[in-house]
Amino acid sequence: MNQKDYINKNQERFLNELLDWLRIPSISADSAFASDVQKAAEFVAQKLEVAGADNVSVEQTAGYPIVYGEKIIDPSKPTVLVYGHYDVQPSVPDELWDTPAFEPTVRDGNIYARGACDDKGQVYMHVKAFETMMNTDSLACNVKFMIEGEEEVGSPNLGIYVKEQKEKLAADVVLVSDTAMLANDIPSIDTGLRGLSYVEVEVTGPNIDLHSGTYGGAVANPINVLCDMISSLHDENRHITIPGFYDDVEIVSDEDRAEMAKTPFDLEAYKKELEVDDVMGEAGYSTLERTGIRPTLDVNGIWGGYIGEGAKTVLPSKAYAKISMRLVPNQKSDKISEIFQNHFESIAPKSVKVKVTLHHGGEAAVTPTNSKAYRAASKAMEATFGKKPIPTRGGGSIPIVALFEEVLGLKTVLMGFGLDNDAIHSPNEKYGIFNFYRGIETIPYFFKYFAEEE
Ligand code: BES
Ligand code: MN
Ligand code: MN
């Protein structure tokens, strides 16, 4: 049987198995779901085994396990290391989901569930593509799977594992499906990921919440102060004002920017979809440049004081914010976190105390478009979409990709099949049925072309 027939014959089962996996709430950020995260690992390990992988194991770490499996058909053939993650983001706010996050529902050609696109749906394409190649005797390369359960919390243990298992993970390229394309009829391949620095700040004013009439106007209000401090982090051109922040930023050449400007992008449709009357960002850069090649600073959450029903006149003692910075090549996450901390402490008025806590981070990565692996991915997508994919620079982060290069000396190909509007991390996350099957169909072509290129 050929691959196409095999996929057609088994398509319903492929989808139903994915739906079963999506029912497991593998939220890595919330320890209440620890046993579900473990279950999701065992689920995919078992599917890899059934599909024909050897040496399948659920490898314990100090955190959630890493699922490993491999098929070595011929040591003289190239080896593809497939990376993905089985953990998902929290589903909150649950009331904004049209159907529950962990009761996957198929409607209008989409699978709605937390993890549908990020990343279970995309990982499962690889498992089913592997099964297809095994059952049609067409696996063209050796393959190793490494599916982790801590991507959404910064992969704290995967780096250690990769350093310890260098030999076991030896390969020729890393293949990842955890990014998006421009549109279902405009295939694209991400050639970059941004880095990340994530910090939390706490501003303390008086030692207890005070009556805002008795004390207001005379004692620093930490929420007012925090807002002032946060506002001062951007200037009127939406440039970040932290001294040294841009020092190491890679300058993208005019040629590359001209190339990026050719990327099909409809700003009006973008605004309409988000229901915003205008976009906002750093002066002098297009929307795609603002998300692709420029660093940013965003408040992810801010809280303090009275937020219950009605009005309570109070001058709060404390205010908090969580702040993320997306970084570009050459910026170092640790250094940026440190200069943020120094700057934030230095701009605090004497009337408050400031504490900055550093969370996880990661480095940016760019992937070449002139490699054998990129060419194989490009030809694979061209074979199934009938169009050559466009290289794009994605705005998200997958911190481990930089380590693949640093520790394993491997380049990564980001052959993702999601869409920007798949609402990953948001309510009503979805993944197109079309995208799921198109991925399953495309991956074997990657293996075939990569084997031919090598
Ligand atoms: N799959 C995403 C990364 C991504 C999203 C890449 C969109 C390209 C386009 C990944 O699961 C993710 O969400 N990463 C986190 C980083 C992590 C350290 C929490 C992110 O980007 O916020
Ligand atoms: Mn992901
Ligand atoms: Mn994610």
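Residues numbered from 1 in each chain as written. Chains lettered and ligands numbered in written order. Predicted model: local features only at pLDDT ≥ 70, side-chain atom pairs only at ≥ 80, totals over all residues. Heavy atoms only, no water.

Asks: Explanation requested: the site of ligand 1 in the structure shown.
Replies: By nearness alone, 17 residues border ligand 1, and E151, D178, R326, S397 and H425 come closest of all. The separation between an oxygen atom of ligand 1 and a polar side-chain atom of E152 is 3.1 Å. Between ligand 1 and the protein, one listed contact pairs an oxygen atom with a side-chain N or O atom of H425 at 2.8 Å. Residues belonging to the shell around ligand 1 are distributed by class as follows: five nonpolar, seven polar and five charged. (Near = heavy atom within 4 Å. Polar contact = N/O pair within 3.5 Å; in protein donor to acceptor, adjacent residues only side chain to side chain. Nonpolar A, V, L, I, M, F, W, Y, C, P; charged D, E, K, R; others polar.)

Asks: I would appreciate a short explanation of the sheet that holds strand β21 (residues 430-432) in the present structure.
Replies: Two modes of strand pairing occur in sheets, parallel and antiparallel, and in both the strands are linked by backbone hydrogen bonds. The strand order across the open sheet formed by three strands is β4-β5-β21, and the pairing between neighbours is antiparallel. Two strands bound the open sheet, and with one partner strand each, they are β4 (105-107) and β21. Here the average twist between neighbouring strands, direction ignored, is 25 degrees. The sheet contact formed by β4 and strand β5 (residues 110-112) spans three bridges and is antiparallel. Across the sheet, the residue bridging to T105 is Y112, located in β5. Across the sheet, helix α1 (residues 3-22) touches β4 and β5, and the angle it forms with β5 is around 20 degrees. (Pairing = 2+ DSSP bridges. Helix = DSSP H or I, 4+ residues; strand = E, 2+ residues; numbered from the N terminus. Axes fitted to C-alpha atoms, helices over the stretch in contact; angles between N-to-C directions. Contact = heavy atoms within 4.5 Å.)

Asks: Just checking my understanding: could you explain the pairing of strand β2 (residues 66-71) for this structure?
Replies: Consecutive side chains of a regular strand alternate in pointing toward one face of the sheet and then the other. Most of β2 is tucked away: six of the six residues are buried. Examined bridge by bridge, strand β1 (residues 54-59) and β2 share four bridges and lie antiparallel to one another. The residue of β2 that forms the bridge with E59 is I66. (Buried < 20%, exposed > 50% of the residue type's maximum accessible area, 1.4 Å probe, protein only.)

Asks: I keep staring at α1 and nothing clicks. Help me out?
Replies: Each α-helix turn comprises 3.6 residues. Residues three or four places apart therefore point the same way. Along α1, the sharpest change in direction is near 60 degrees and occurs at N10. All of the buried residues along α1 are Y6, I7, N10, F14, L15, E17, L18, L19, W21 and L22. Packed against the buried residues of α1 are α2 (34-51), β4, β5, α3 (120-135) and α12 (433-453). Two or three places before K4, at the start of α1, stands the capping residue N2, its side-chain oxygen 3.2 Å from that residue's backbone nitrogen. (Bend = angle between axes of the 7 residues up to and from the residue.)

Asks: Looking at this model, I keep getting lost on the coordination of the manganese ion (ligand 2). Mind explaining?
Replies: Any two of four tetrahedral donors ideally make an angle of 109.5 degrees at the metal, while pairs among six octahedral donors ideally make 90 or 180 degrees. Within the protein, the atoms that donate to the manganese ion (ligand 2) are H85 (NE2), D118 (OD), D178 (OD) and D178 (OD), at distances of 2.0 to 2.3 Å. Classification of the site at the manganese ion (ligand 2) rests on its six donor atoms, whose angles at the metal span 57 to 167 degrees, yielding the label irregular. Donor residues for the manganese ion (ligand 2), ordered by position in the chain, follow H-x32-D-x59-D. A separation of 3.6 Å is found between the manganese ion (ligand 2) and the manganese ion (ligand 3), which are bridged by D118. In this pair, D118 sits in the loop between β5 and α3 while D178 sits in the loop between β7 (173-176) and β8 (180-181), placing the two residues 60 residues apart along the sequence. Exposure class is identical for D118 and D178. Each is buried. (Donors = N, O, S within 2.8 Å, 3.2 Å for Na, K, Ca; no water. Tetrahedral: all angles 85-135°; square planar, octahedral: opposite > 155°, others 65-115°.)

Asks: Looking at this structure, I do not really get the domain arrangement of the chain. What am I missing?
Replies: Interface size, as often reported, equals the accessible area lost upon joining of the parts. By domain assignment, the chain separates into domain 1 (3-193 + 365-453) and domain 2 (195-249 + 295-362). Using only C-alpha atoms to locate each centre, domain 1 and domain 2 end up separated by 36 Å. At the junction of the two partners, domain 1 supplies nine residues and domain 2 supplies seven residues. The contact between domain 1 and domain 2 buries some 510 Å² in all, and 54% of this surface belongs to carbon and sulfur atoms. Area buried by domain 1 at its contact with domain 2 is led by G154, S397 and P399, which between them contribute 51% of it. Where domain 1 meets domain 2, there are zero salt bridges. (Domains from an automatic or database assignment. Buried area = accessible area lost by both parts, 1.4 Å probe. Salt bridge = Lys/Arg side-chain N within 4 Å of Asp/Glu carboxyl O.)

Asks: Would you mind going over the coordination of the manganese ion (ligand 3) with me for this structure?
Replies: The protein atoms that coordinate the manganese ion (ligand 3) are D118 (OD), E152 (OE), E152 (OE) and H425 (NE2), at distances of 2.0 to 2.6 Å. Coordination at the manganese ion (ligand 3) is irregular: its six donor atoms span angles of 55 to 155 degrees at the metal. Mapped onto the sequence, the donors of the manganese ion (ligand 3) take the spacing D-x33-E-x272-H.

Asks: Looking at this structure, I do not really get the pattern of salt bridges. What am I missing?
Replies: It is possible for side chains of opposite charge to pair when their charged atoms get near one another. Considering all chains together, one arrives at 24 salt bridges under this definition. The partner of R114 in a salt bridge is E429, with the nearest N and O atoms 2.8 Å apart. Separated by 315 residues along the polypeptide, R114 in the loop between β5 and α3 and E429 in the loop between β20 (418-419) and β21 bring together distant segments of the chain. As far as burial versus exposure is concerned, R114 and E429 are alike and both buried. In this structure, the salt-bridge partner of E453 is K379, at a minimum N-O distance of 3.7 Å. Of this pair, E453 sits in helix α12 while K379 is found in helix α10 (residues 372-385), placing the two residues 74 residues apart along the sequence. Given a relative accessible area of 35%, K379 falls into the partly exposed group. In the salt-bridge network here, residues are joined through shared partners; they are R13, E17, K128 and E131.

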